[in-house]
Amino acid sequence: MIDMHYDLLSVLYYCYLRNDFRYVKELQGYFNDKNVHGLVANLYFMSEEEMQREMKGRKIDVVEMFKLSTELFRKYFPNLDVVFSIEGCDFIKNIDELRKLHELGLRSILLVWNNKNKYGGGTYATGGLTEEGKKFIWEAISLGIAIDLSHMNRETFEDTVSILKDAKNKSLNPKVIVSHSNVYELFNHPRNITDEQIKMLKEFKPVMGLVSYSMFMTDKDEEIEVLKDKYLNHIKHVIDILGIDCVGISSDDMEYDSILLGNPVEKIIFPYKLLKREIYNLLIKEFTEEEVNKIMELNIKNKLFEEV
């Protein structure tokens, strides 16, 4: 299976800062043909304050961090199918730096995280795309970088969709994904997106990665089996709107946040070492073998991986 959002580049970078790769070596056992053989590997950037806290005051150089973490990725996970992603473009200085990152292998971007940055507004911020943000999105599309709409607030989301429509009308065929968001109508977390937003994307034949992290499905302490059923309902709901070819699986597994950074994490529904088996066992209750294969792998492979 392919995981549409895992912060593996950030994990590798933080292990590098500690000169301790024991956790990475544990993860090596999770990424193989019997479990997860492909992923969108993400390097994340949060607000200035949050990044300074995690980086302990070190200078933030996106190109250096991306180059180093992707080199480590190729060292520790040489056989893993991958699309490299950056989440939160706050610290990418300009379009020239975006082009440099593309040369180094960047193939997907989430323009914003939860905060407002110079390009647009994240989940907990106000305001749409800035003029600089509009130019940035246009350049990403022209480079063939996928536009990931997770973490955008409503205004930035709609502004981005408008650009995507213009790009499509100019035959640029933008690649559109929503890597790790669930359905707002089923649980009103601000990171989830509404049916109306999902319908806005239909013409782009996106792939939406339904995220199996409990905080995006409930604010209660519920049993794992209840959470699995809720997760399945999010998948079925998006299929009803977009069709079977537009849905994927996203773990957004945050175990590392506790192990490496000491932060509390919400309940994780599927243990990562068993992710493929448990997702398969859940999906096969409702879907055919062919449909399960599309959801777990083929849809996102066809959207992002074929041309990498």
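In short, a report on the structure. Everything quoted here is computed from the prediction, not taken from an experiment. Every chain is numbered on its own, with residues counted from 1 as its sequence reads. Two thresholds apply to this predicted model, a pLDDT of at least 70 for residue-level local features and 80 or more for giving and counting side-chain atom pairs, whereas whole-chain, interface and lining totals are computed over all residues. With hydrogens and water excluded, all non-hydrogen atoms of the structure serve as input to the side-chain values.

Remarks on the side chain of serine 85
Note the threshold: Each helix corresponds to a stretch of at least 4 residues labelled H or I by DSSP, and each strand to a stretch of at least 2 residues labelled E; elements are numbered beginning at the N terminus. By the criterion applied in these results, polar contacts are pairs of N or O atoms within 3.5 Å in which, for protein atoms, one can donate a hydrogen and the other can accept it, and in which residues neighboring in sequence qualify only through two side-chain atoms. In this analysis, two residues are considered to be in contact whenever any of their non-hydrogen atoms come within 4.5 Å of each other.
Tracing the backbone shows serine 85 in strand β3 (residues 81-87). Within the structure, the side chain of serine 85 is placed 3.0 Å from the side chain of asparagine 42, a separation counted as a polar contact. Not counting the four nearest positions on each side in its chain, serine 85 is found in contact with Leu9, Val40, Ala41, Asn42, Leu43, Leu106, Ser108 and Leu110.

Side note on the packing of aromatic side chains
Convention followed: Working definition: a ring pair exists when centres of Phe, Tyr or Trp rings (six-membered ring for Trp) sit within 6.5 Å. Plane angles under 30 degrees give stacked, over 60 give edge-to-face, the rest tilted. Three labels apply to residues, based on accessible area from a 1.4 Å probe with only protein chains included: buried if under 20% of the type maximum, exposed if over 50%, partly exposed otherwise in between. Consider the ring centre and the ring normal. A charge sits over the ring if Lys NZ or Arg CZ is within 6 Å of that centre and within 35 degrees of that normal.
Using the criterion set out here, one finds 16 aromatic pairs in the structure. Plain terms: the ring middles of tyrosine 6 and phenylalanine 31 are 5.7 Å apart, the flat faces sit at 85 degrees to each other, and that makes the pair edge-to-face. With a gap of 25 residues between them, tyrosine 6 in strand β1 (residues 2-6) and phenylalanine 31 in the loop between α2 (22-28) and β2 (38-44) connect regions that are remote in the sequence. Phenylalanine 31 matches tyrosine 6 in its accessibility class, with the two residues each being buried. Consider the rings of phenylalanine 73 and phenylalanine 84, whose centres lie 5.3 Å apart with planes at 90 degrees: the pair is edge-to-face. Within this pair, whereas phenylalanine 73 is found in helix α4 (residues 62-76), its partner phenylalanine 84 is found in strand β3, the two being separated by 11 residues in sequence. Following the ring pairs from residue to residue traces out a cluster consisting of Tyr6, Tyr30, Phe31, Phe66, Phe73, Phe77, Phe84 and Tyr272. Here the guanidinium or amino end of lysine 168 rests over the ring plane of phenylalanine 204, the centre of that ring lying 6.0 Å away.

Topic: helix α7 (residues 154-169)
The condition is simple: Take the residue count of a helix, subtract one, and multiply by 1.5 Å to get its expected span. Summarising the geometry, the arc corresponds to the directions from the helix axis toward the C-beta atoms.
With 16 residues, α7 should reach 22 Å at 1.5 Å per residue; the first-to-last C-alpha distance of 23 Å fits that figure. The set of residues buried in α7 consists of Thr156, Phe157, Thr160, Val161, Ile163, Leu164 and Ala167. When α7 is viewed along its axis, its buried side chains cluster within an angular range of 165 degrees and face the same direction. For α7, the elements touching its buried residues are α6 (131-143), β5 (146-148), β6 (176-178) and α8 (195-200). Capping of α7 at its N-terminal end is provided by asparagine 153; its side-chain oxygen lies 3.3 Å from the backbone amide nitrogen of glutamate 155. A positive backbone phi angle near 65 degrees is found at serine 171, which sits one or two residues after α7.

Here we look at the nonpolar core
Rules: Residues grouped as a nonpolar core are buried Ala, Val, Leu, Ile, Met, Phe, Trp, Tyr and Cys residues, joined through side-chain atoms within 4.5 Å.
Judged by nonpolar contacts, the single largest core of 105 residues is most densely connected at Leu8, Phe31, Phe73, Phe77, Ile86, Leu149 and Ile235. Core analysis: the next-biggest nonpolar cluster, separate from the first, contains 10 residues, Met4, Val40, Ile300 and Phe305 among them.

With respect to the sheet that holds β3
Strand pairing in a sheet takes place through backbone hydrogen bonds and is either antiparallel or parallel in direction. Under the convention used in this document: We call two strands paired when DSSP finds no fewer than two bridges between them. Here the axes come from fitting lines to C-alpha atoms, over the contacting stretch only for helices, and the angles between their N-to-C directions go from 0 to 180 degrees.
As summarised here, the arrangement of the eight strands in space is β1-β2-β3-β4-β5-β6-β7-β8, forming an open sheet in which the pairing is parallel. The open sheet has two free edges, formed respectively by β1 and β8 (247-250), since each of these has just one partner strand. Direction aside, the axes of adjacent strands within the sheet are offset by 25 degrees on average.

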